[in-house]
Amino acid sequence: MYRYLASRLAGMLAVLAIVAVIVFVLTRAASGDPISVLLGDQATAEDIARVQKDYGLDQPLPVQFAYWVREVLQGNLGQSIFLQRPVTQALWERAEPTTLLALMAVGIAALIG
């Protein structure tokens, strides 16, 4: 029994690690430069370098990944460049309508099915 639970837990951790790497790589490989979006077209090279240092983008990828994992595990999903506020706050604002919509869909499905 314990062996089975340990193997399931190990499998779950492996899948979580793979998903974390994929999400990190996809966010780094996404087209467009978030620094350019954040600063605008009139940004100087010094401004770009300063913001890259502030966000840790001047560090090697393994260091960025370790920092990203630590922050995600602490519940810090970062700052939205478009909304200019924490991502967690934006998610919480949209949690109630999303939950209500999901519950209504389940209710309708239960009535139909």
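Our subject is the structure that appears above.
Everything quoted here is computed from the prediction, not taken from an experiment. (Residues numbered from 1 in each chain as written. Predicted model: local features only at pLDDT ≥ 70, side-chain atom pairs only at ≥ 80, totals over all residues. Heavy atoms only, no water.)

## Structural notes on the packing of helix α1 (residues 2–29) against helix α4 (residues 61–73)
Running from N to C, α1 and α4 point in directions that differ by 120 degrees, and their axes come no closer than 11 Å. For the pair α1 and α4, the crossing hand works out as right-handed. Across from Ala20, Val21, Val23, Phe24 and Arg28 in α1, the residues of α4 making contact are Leu61, Gln64, Phe65 and Trp68. Its residues assigned to classes, the contact of α1 with α4 comprises seven nonpolar, one polar and one charged. (Axes fitted to C-alpha atoms, helices over the stretch in contact; angles between N-to-C directions. Helix = DSSP H or I, 4+ residues; strand = E, 2+ residues; numbered from the N terminus. Left-handed = near helix turned anticlockwise from the far one by under 90°. Contact = heavy atoms within 4.5 Å. Nonpolar A, V, L, I, M, F, W, Y, C, P; charged D, E, K, R; others polar.)

## Overview of the pattern of salt bridges
As enumerated under the stated definition, the model contains four salt bridges in all. With a shortest N-O distance of 2.7 Å, arginine 85 and glutamate 93 are connected by a salt bridge. Here the residues in one salt-bridge network are Asp47, Arg50 and Asp54, joined through shared partners. (Salt bridge = Lys/Arg side-chain N within 4 Å of Asp/Glu carboxyl O.)

## Describing the layout of surface pockets
By volume, the largest pocket amounts to about 1200 Å³. Lining the largest pocket are 30 residues, with Arg28, Tyr55, Leu77, Gly78 and Gln79 positioned closest to its centre. Broken down by secondary-structure element, the contributors of at least two residues to the lining of the largest pocket are α1, α2 (34–39), α3 (45–55) and α4. Top element by residues in the lining of the largest pocket is α4. It accounts for six residues. When its residues are assigned to classes, the lining of the largest pocket shows 14 nonpolar, 12 polar and four charged. (1 Å grid on protein atoms, 1.4 Å probe; cavity = no way out; pocket = protein on both sides within 12 Å on 5 of 7 lines; lining within 4 Å. Points joined across faces, edges and corners; volume = space filled by probe spheres on them.)

## With respect to the environment of valine 25
Within the element layout of this structure, valine 25 appears in helix α1. Separated by 40 residues in sequence, valine 25 and phenylalanine 65 have C-alpha atoms that sit 9.0 Å apart.

## A short note on the packing of aromatic side chains
Note on aromatic pairs: each is described by the distance of the centres and the angle between the planes. The full count for this structure, using the stated rule, is three aromatic pairs. Geometrically, the ring pair formed by phenylalanine 24 and tryptophan 68 is tilted, given 5.7 Å between the ring centres and 50 degrees between the ring planes. Of the two residues, phenylalanine 24 is situated in helix α1 and tryptophan 68 in helix α4; the sequence distance between them amounts to 44 residues. (Phe/Tyr/Trp six-rings, centres within 6.5 Å; stacked < 30°, edge-to-face > 60°.)

## A look at the environment of alanine 29
Tracing the sequence through the fold places alanine 29 in helix α1. Note on alanine 29: relative accessible area 58%, which makes it exposed. Each C-alpha atom of the pair alanine 29 and alanine 66 lies 17 Å from the other, and the pair is 37 residues apart in sequence. (Buried < 20%, exposed > 50% of the residue type's maximum accessible area, 1.4 Å probe, protein only.)

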